[in-house]
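Each chain, written out:
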Amino acid sequence: MTAQSLIAESADLIPFADLYLSHLNPRRIVSEPGLETLAQNIRELGLIQNLAGLRDETGRVGIVAGGRRLRAFALLQDDPRFQVIPVRLAPDEATAVVWASTENHHREQPHPADEIREYGALAARGIAVPAIALAFGVTDKHVQRRLALAHLPEPVIQGVRDDQISLGQAAAFTISTDERVSLEVLARVRGTAVSDWQIKRWLKPDSVRGSDRRAIYVGRDAYLAAGGRLGGDLFTDEDLFDTPDALDRAFEAEARRAAQGWAWAEISLADYLTPNEIERWQGGRLYPVPGELTDEQVARYDKLAELANGDVLDEEGQAELDALTEVAEGAYTPEQKAHAGIVLRVDHRGEVRVHDGIVRPEDYEVAVAAGVLAPSCHGSASSPPPKPAVSAALAEDLQRVARGARQTAILAHPDLLLDLLAFQLSGRLGYRHAFGLRTTEVRTQPLSETGYHLDERLIVAPETPKGPWASDFAKAFRAYRKQGVEGVRADLVRGLAALLDVEDDGLGRLIDKEAKADLRQVWTPTAENFFARVGGPTLDALWCELLDLAPEHPTATSFAKLKKREKAERLEQLFADPRTVRGVTEAQAVRIAKWRPDGMA
């Protein structure tokens, strides 16, 4: 074979019906959506790069390079233009082998930075996103994400090109409107693994995240109405509230609105207020004045409540029932509100909890004199309850100091610290906590659980206390520690394993290597959980891959003629027990046992 023989002088026009995927073609599994995009690209723009093939002894042509294009042409057979395909024919099999390997090995994906610049230049010339996506064979969303980065300062894009910052880090720069600040931050992060969020903090140090409880409570509309500006990058759904003063004004305005005629309102950002903490605001407590329903209203209430219990009450009826319930439960009078106030507690979800009817110590005598508050049974109107010795702010500071002292002391007792962590992770603290850790649910249950078997330790229900609010947790912890190191360590390992959710790919690969993680230890592909959820051509290619079959092999062609459901069932049977399929070799059985979907470890 000479170098000259590798070059085909011209392309032959071959009927599509005479083409098939050669066993020399290295590309076996392809993306179905990707094929549809490629087919649309060819339909609109025509074939830019010809297929290459080898004519067999029957006169048909096996495609050795251009397998994706061949599959895309199958989707275009309704168009007469594509029923005859230009194919460069190899003079012999040796040349075809070289062609088959070289096309894939020399195909180089464009660098993301080059894509950003190229898409940006096209957009600047007025070319629409769908047209750019079609020309490059990518999705509209892919183009939009690249265009979002095209407006970044050139040094940031060059940082991506030089592999000094990642795409994720570059995306964080889209929140900035100050190029000087952007370049200062770029100088700090080049060649580092600084998180996206830290970059955003440096770019806009005063901004408040949209997940902040104040921001959730106030909401976008009220914040904007107070003169606030919204920021945020174009790659996440979370807003940045760029004007903290406006957020504070809106927050206070919303609190005043919620006060609804009360004499005063205090705001707390604590997740929970104990009775002792409420007591610091309180010199006395008022309660709603009970309302009285007429006989007719009582009868109507009973009828509506019966309908509600039977789940047959419409919206109008529910509104009427709610109004009658409010009358029955009573309400605060204007005179009560004039002498009392409320504490609004905004939790981490931005939801408001109201502690109302609170008379401050300094307002106690006036409230008693006005007749809205009964004198204390422990004294007279001239002897109000004693004022707290310390202010609420000082009490909070003292609590923090005590917390710091406890943390300092426990540093010398790591075993006690780990035992306490295991105690919390085991569920024995119920709704309480011993550490400032929020354990979010890490989902590991797929939609289809067939063929999926987790370690029992990861699915066992935690041991919650029988009385979550009244339990003696000190006693429970002492008893817990008596089980010994092995029991505590087992709870610690089980609890931490159930929370494992590594976001960084490199770190994840390291942990998988160290722990010898194996997808197939817990998951076996079945018709329900995998095969019925991918396309028929993918199943055909997988069948050939696992059993070393050329596409034209009788076993492969017979499989290809099956309905998709039947293909899925055959593959499920093959994975359940390869020996049930006639002719499966030991090497193929090992391949089946080791097979994983693309990109899965």
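Here the structure is a predicted model, which is why all the values come from computation and not from measurement.

*Asks:* Can you help me understand the overall build of the protein chain in this one?
*Replies:* For the protein chain, the count of helices and strands is 28 helices and 12 strands. Across the 601 residues that make up the protein chain, the buried fraction comes to 35%. Put simply, 69% of the contacts in the protein chain that link residues at least 6 apart link residues at least 24 apart. Only carbon and sulfur atoms are counted for the fraction: they give 53% of the accessible area of the protein chain, which is about 36,500 Å².

*Asks:* When you look at the pattern of salt bridges in this model, what are you seeing that I'm missing?
*Replies:* If the charged atoms of two oppositely charged side chains come close together, the side chains can form a pair. Counted under the stated rule, the structure contains 15 salt bridges. Across the pair Glu154 and Arg117 runs a salt bridge whose closest N-O atoms are separated by 2.3 Å. With a gap of 37 residues between them, Glu154 in helix α7 (residues 154–161) and Arg117 in helix α4 (residues 112–124) connect regions that are remote in the sequence. Judged by its relative accessible area of 28%, Arg117 is partly exposed. Here Arg360 ties to Glu362 by a salt bridge, and the two come within 3.7 Å at their closest N and O atoms. Relative accessible area serves as the criterion here: at 24%, Arg360 is assigned to the partly exposed category. Looking at Glu362, the relative accessible area reads 54%, which means it is exposed. Bridged by salt links that share partners, the residues Arg43, Asp78, Asp79 and Arg81 form one connected network.

*Asks:* Is there a simple way to think about the pairing of strand β4 (residues 61–65) in this case?
*Replies:* Regular strands place side chains that alternate from one sheet face to the opposite one. Across the five residues that make up β4, a large majority, five, are buried. In the sheet, strand β2 (residues 19–21) pairs with β4 via three bridges, with the strands oriented parallel. Each bridged residue has a counterpart across the sheet, and for Leu19 the counterpart in β4 is Val61. Bridge analysis of strand β3 (residues 51–55) against β4 gives four bridges, and the strand direction is antiparallel. Residue pairing in the sheet places Leu54 in a bridge with Gly62 of β4. Between β3 and β4, which pair antiparallel and follow one another directly, the connecting turn spans five residues, one of which, Gly59, has a positive phi of 95°.

*Asks:* I'm lost on the packing of helix α25 (residues 536–547) against helix α27 (residues 564–576) in this one. Help?
*Replies:* Each pair of packed helices can be summarised by the angle the axes make with each other and by the distance between the axes. Interaxial distance between α25 and α27 falls to 10 Å at its minimum, and their mutual angle equals 30°. Judged by the angle between their axes, α25 and α27 are roughly parallel. Relative to α27, α25 is oriented so that their crossing is left-handed. Only Lys564, Lys567, Ala568, Arg570, Leu571, Leu574 and Phe575 of α27 make contact with α25, whose side of the interface consists of Gly536, Leu539, Asp540, Leu542, Trp543, Leu546 and Leu547. Here the residues of the contact of α25 with α27 are counted per class, giving nine nonpolar, one polar and four charged.

*Asks:* For this particular structure, what's the right way to read the side chain of Gln336?
*Replies:* Tracing the chain through its elements places Gln336 in helix α17 (residues 334–338). A relative accessible area of 6% means that Gln336 is categorised as buried. Contacts of Gln336, omitting those with residues within four sequence positions, involve Trp262, Leu286, Tyr287, Val289, Ala331 and Val372.

*Asks:* Hey, could you run me through the confidence of the model for the protein chain in this one?
*Replies:* Should pLDDT be low for a region, the predicted coordinates there are not to be read in detail. On average, residues of the protein chain score 78 in pLDDT, and 80% of them are at 70 or above. Predicted confidence for residues 1–8 stays below pLDDT 50, and this span has 12 contacts to residues more than four positions away or in other chains.

*Asks:* Before we go on, may I ask you to explain the environment of Leu149 in this structure?
*Replies:* Take Leu149: it is sitting in helix α6 (residues 140–150). Along the backbone, Leu149 and Ala171 are 22 residues apart, and their C-alpha atoms lie at a distance of 6.7 Å.

*Asks:* Can you walk me through the packing of aromatic side chains in this structure?
*Replies:* With the rule as written, the count across this model stands at eight aromatic pairs. Ring geometry for Phe575 and Trp595: centres 5.5 Å apart, planes at 70°, overall edge-to-face. Highlighted residues: Phe575 in helix α27 and Trp595 in the segment after α28 (586–594), separated in sequence by 20 residues. Like Phe575, the residue Trp595 is buried in the burial classification. Three or more aromatic residues joined by ring pairs form one cluster here, namely Trp523, Phe530, Phe531, Phe575 and Trp595.

*Asks:* I'm lost on the packing of helix α20 (residues 414–425) against helix α21 (residues 473–481) in this one. Help?
*Replies:* It is the contact of α20 with α21, at a shortest axis distance of 11 Å, that shows an interaxial angle of 110°. By the angle class used here, α20 and α21 are roughly perpendicular. Between α20 and α21, the residues in contact are Asp415, Leu416, Asp419, Leu420, Ala422 and Phe423 and Phe473, Ala476, Phe477, Tyr480 and Arg481, respectively. Considering only residue class, the contact of α20 with α21 consists of eight nonpolar, no polar and three charged.

*Asks:* Explanation requested: unusual backbone geometry in the structure shown.
*Replies:* The general pattern is negative phi for most residues beyond glycine and trans for most peptide bonds. Unlike most non-glycine residues, Asp163 shows phi in positive territory, near 60°. Within the fold, Asp163 resides in the loop between α7 and α8 (167–172). Accessibility expressed as a relative area gives 61% for Asp163, which makes it exposed. A positive phi angle, near 55°, is found at Asp548, a position not held by glycine. Tracing the chain through its elements places Asp548 in the loop between α25 and α26 (554–560). Residue Asp548 is classed as partly exposed on the basis of its relative accessible area, which comes to 49%.

*Asks:* Is there a simple way to explain the environment of Leu293 in this structure?
*Replies:* Turning to its location among the elements, Leu293 is positioned in the loop between β10 (284–285) and α15 (295–309). Considered as a pair, Leu293 and Leu324 are 31 residues apart in the sequence and their alpha carbons are 7.8 Å apart. Setting aside residues up to four positions removed in sequence, Leu293 forms contacts with Val298, Leu324, Val327 and Ala328.

*Asks:* Looking at this structure, I do not really get the sheet that holds strand β1 (residues 11–15). What am I missing?
*Replies:* Within a beta sheet, neighbouring strands are joined by backbone hydrogen bonds and run either parallel or antiparallel to one another. On the basis of which strands lie adjacent, the open sheet formed by five strands has the order β1-β5-β3-β4-β2 and mixed pairing. Both outer strands of the open sheet, β1 and β2, are each paired with one neighbouring strand and no more. Here the strands of the sheet are splayed against their neighbours by 50° on average, with no regard to which way each runs. Along the sheet, helix α2 (residues 67–74) contacts β2, β3, β4 and β5 (84–89); its crossing angle with β2, the most-contacted strand, is approximately 130°.

*Asks:* Help me understand α7 in this model?
*Replies:* Structurally, the α-helix is built with 3.6 residues per turn, so residues lying three or four positions apart point the same way. All of the buried residues along α7 are Val156, Ile157, Gly159 and Val160. Seen along its axis, α7 keeps its buried residues to an arc of 150°; they face one direction. If you follow the buried residues of α7, they end up packed against α4, α6, α8 and α9 (179–189). Of the residues one or two after α7, Asp163 is the one with positive phi, at around 60°.

Rules of the game
Residues numbered from 1 in each chain as written. Predicted model: local features only at pLDDT ≥ 70, side-chain atom pairs only at ≥ 80, totals over all residues. Heavy atoms only, no water. Helix = DSSP H or I, 4+ residues; strand = E, 2+ residues; numbered from the N terminus. Buried < 20%, exposed > 50% of the residue type's maximum accessible area, 1.4 Å probe, protein only. Contact = heavy atoms within 4.5 Å. Areas by Shrake-Rupley, 256 points an atom, 1.4 Å probe, with all protein chains shown as cover. Salt bridge = Lys/Arg side-chain N within 4 Å of Asp/Glu carboxyl O. Pairing = 2+ DSSP bridges. Axes fitted to C-alpha atoms, helices over the stretch in contact; angles between N-to-C directions. Parallel < 35°, antiparallel > 145°, perpendicular 65-115°, else oblique. Left-handed = near helix turned anticlockwise from the far one by under 90°. Nonpolar A, V, L, I, M, F, W, Y, C, P; charged D, E, K, R; others polar. pLDDT = per-residue confidence, 0-100. Phe/Tyr/Trp six-rings, centres within 6.5 Å; stacked < 30°, edge-to-face > 60°. Arc of directions from axis to C-beta.

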